[in-house]
Amino acid sequence: ALAAIDVHLRRSLKDPDSVKQFAVVSGPVLITWYRGLLRGGGHERAWMMCFEYNAKNSYGAYVGIKRDAIALRVYGDQAEIVPIVNWLTVNASC
């Protein structure tokens, strides 16, 4: 899970090497989403983790503590990040 968070930060931050004050705030917590009848029914499951960090912006200044969340599906020893936007019942802001 920590490796997946590292990949997420490296893809989304301007200067991923500047991350400091990193901490997992909560999780992993199992979340479930019902796909509904139009998508064939069934449930989707993932693990949500909330974390906070401080990193530099485009101007090279630290912006302060930011909070973020990711949802993960785990297959054996691999974790895949899945978009939280479709998980309507999940508070992605932690």
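For the structure, see preceding data.
Below, the structure is looked at part by part. (Residues numbered from 1 in each chain as written. Predicted model: local features only at pLDDT ≥ 70, side-chain atom pairs only at ≥ 80, totals over all residues. Heavy atoms only, no water.)

1. Examining helix H1 (residues 2-12)
Among all positions of H1, only Ala-4, Ile-5, His-8 and Leu-9 are buried. Projection of H1 onto a plane perpendicular to its axis shows the buried side chains occupying an angular sector of 135°, all on one side. Relative to its buried face, H1 has exposed residues pointing more than 90 degrees away, namely Ala-3 and Arg-11. (Buried < 20%, exposed > 50% of the residue type's maximum accessible area, 1.4 Å probe, protein only. Helix = DSSP H or I, 4+ residues; strand = E, 2+ residues; numbered from the N terminus. Arc of directions from axis to C-beta.)

2. Focus: unusual backbone geometry
One non-glycine residue, Gln-21, lies in positive phi territory at about 55°. Along the chain, the position of Gln-21 falls in strand E1 (residues 20-34). Exposure remark for Gln-21: the relative accessible area of 49% places this residue in the partly exposed category.

3. Some details on the nonpolar core
One finds Ala-4, Ile-5, Leu-9, Leu-13, Met-49, Phe-51, Tyr-53, Ala-55, Ile-70 and Leu-72 forming the largest nonpolar core, which totals 10 residues. For this core, the elements supplying multiple residues, two or more each, are H1, strand E2 (43-54) and strand E3 (66-75). Among residues more than four places away in sequence, those in contact with Leu-72 are Ala-1, Ala-4, Ala-46, Trp-47, Met-49, Ala-79, Glu-80, Ile-81 and Val-82. Formed by seven residues, the second largest nonpolar core is a distinct cluster that contains Met-48, Ala-69, Ala-71 and Val-82. (Core = buried A, V, L, I, M, F, W, Y, C linked by side-chain atoms within 4.5 Å. Contact = heavy atoms within 4.5 Å.)

4. Focus: the side chain of Asn-54
By secondary structure assignment, the location of Asn-54 is in strand E2. We classify Asn-54 as buried; its relative accessible area is 7%. Polar contacts involving the side chain of Asn-54 include one to the main-chain amide nitrogen of Gly-64, which spans 3.0 Å. In contact with Asn-54, not counting residues within four places along its chain, are Ser-18, Val-19, Lys-20, Gln-21, Tyr-62, Val-63, Gly-64 and Ile-65. (Polar contact = N/O pair within 3.5 Å; in protein donor to acceptor, adjacent residues only side chain to side chain.)

5. Things to note about the pairing of strand E4 (residues 78-82)
The pairing of E3 with E4 spans five bridges and is antiparallel. The residue bridging Tyr-75 from the neighbouring strand is Gln-78, located in E4. Counted between consecutive antiparallel strands, the loop separating E3 from E4 contains two residues, among which Gly-76 sits at a positive phi close to 65°. (Pairing = 2+ DSSP bridges.)

6. Focus: the pattern of salt bridges
Side chains that carry opposite charge are capable of pairing whenever their charged atoms lie near each other. Overall, the coordinates contain three salt bridges when judged by the stated rule. Residues Arg-10 and Asp-17 are paired through a salt bridge, measuring 3.0 Å at the closest nitrogen-oxygen approach. On the basis of relative accessible area, Arg-10 is assigned to the partly exposed category, the value being 44%. Residues participating in the shared-partner salt-bridge network are Asp-6, Arg-10 and Asp-17. (Salt bridge = Lys/Arg side-chain N within 4 Å of Asp/Glu carboxyl O.)

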